[in-house]
Amino acid sequence: MIASMESLTNNEAMGRYELAIDGQLAAIAQYEADSAAVKFVHTEVMPAFEGKGVGSRLARQVLDDVRRRGDRAIMQCPFMAGYVRKHPEYADLLAG
C-alpha cells in the first residue's frame, strides 16, 4: 500500500484553508479573518474524499496552524464546532 501525500495551504486570497491529497483538492475550511480572531464559517469535503476522515484531518491541521500563528478562533461552522467539542485540547483557541 502506498501512502498518500497530504498538503495544507492557507489560501488567504480566497479566505480558506485547502487540504490536497495526492495533488487533488480534498477539503476546504472557509474563514473570515480580522485582528481579533479567525471565524470558520464553512467546511466542505469533496465527494471523492467523503467518509475517509478527511474532514477531521483538515480540522486538526487547520487548528494546529491557528495555534502556531498565535491566533484565536470562532467556530461558526457546525463541523468545526463539533470537532472542538470532541477534541477539548483545542478549546483554548476559542475566542469568547
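Residues numbered from 1 in each chain as written. Predicted model: local features only at pLDDT ≥ 70, side-chain atom pairs only at ≥ 80, totals over all residues. Heavy atoms only, no water.

## Quick word on the pattern of salt bridges
Within this structure, the stated rule accounts for 7 salt bridges. Between glutamate 18 and arginine 16 there is a salt bridge, and its shortest N-O distance comes to 2.7 Å. Note on arginine 16: relative accessible area 15%, which makes it buried. Aspartate 65 is the partner of arginine 69 in a salt bridge, and the nearest nitrogen-oxygen pair spans 2.8 Å. Residue arginine 69 and its partner aspartate 65 are both found in helix α1 (residues 54-69); the two are separated by 4 residues, about one turn of the helix. (Salt bridge = Lys/Arg side-chain N within 4 Å of Asp/Glu carboxyl O. Buried < 20%, exposed > 50% of the residue type's maximum accessible area, 1.4 Å probe, protein only. Helix = DSSP H or I, 4+ residues; strand = E, 2+ residues; numbered from the N terminus.)

## Quick look at the nonpolar core
Among the nonpolar cores identified, the biggest contains 28 residues, and Phe40, Val54, Leu63, Met75 and Met80 are the most heavily contacted of them. Those elements that place two or more of their residues in this core are β2 (16-21), β3 (24-33), β4 (38-45), α1, β5 (73-75) and α2 (78-86). Considering every element that reaches this core, the biggest residue donor is α1, with 6 residues. Ignoring anything within four residues of it in the chain, the contact list for leucine 63 reads Met75, Met80, Tyr83, Val84, Tyr90 and Leu93. (Core = buried A, V, L, I, M, F, W, Y, C linked by side-chain atoms within 4.5 Å. Contact = heavy atoms within 4.5 Å.)

## Considerations on the packing of aromatic side chains
All told, the structure shown has 4 aromatic pairs when counted by the stated rule. Seen in terms of ring centroids, tyrosine 17 and tyrosine 31 are 5.5 Å apart; in terms of plane orientation they differ by 50°. Their pairing is tilted. Remark: tyrosine 31 occurs in strand β3 and tyrosine 17 occurs in strand β2; sequence separation between them is 14 residues. Comparing tyrosine 17 with tyrosine 31, the two get one shared label, buried. These aromatic residues form a ring-pair network of at least three members: Tyr17, Tyr31 and Phe40. (Phe/Tyr/Trp six-rings, centres within 6.5 Å; stacked < 30°, edge-to-face > 60°.)

## Some remarks on α1
The terminal C-alpha atoms of α1, which comprises 16 residues, lie 23 Å apart, in line with the 22 Å expected from a rise of 1.5 Å per residue. Three or more residues of α1 are buried, namely Val54, Gly55, Leu58, Ala59, Gln61, Val62, Leu63, Asp65 and Val66. Looking at the buried side of α1, the elements it contacts are β1 (6-11), β2, β3, β4, β5 and α2. Once α1 finishes, glycine 70 follows within two positions and takes phi at roughly 75°, a positive value. (Expected span 1.5 Å × (residues − 1).)

## What about the packing of α1 against α2?
At a minimum axis distance of 10 Å, the contact between α1 and α2 shows a crossing angle of 75°. Relative to α2, the element α1 lies roughly perpendicular. Mapping the contact onto sequence places Gly55, Ser56, Ala59, Arg60, Val62 and Leu63 in α1 and Phe79, Met80, Tyr83 and Val84 in α2. Tallied by class, residues from the contact of α1 with α2 come to 7 nonpolar, 2 polar and 1 charged. (Axes fitted to C-alpha atoms, helices over the stretch in contact; angles between N-to-C directions. Parallel < 35°, antiparallel > 145°, perpendicular 65-115°, else oblique. Nonpolar A, V, L, I, M, F, W, Y, C, P; charged D, E, K, R; others polar.)

Read these as layout, nothing more, since geometry by itself doesn't imply function.
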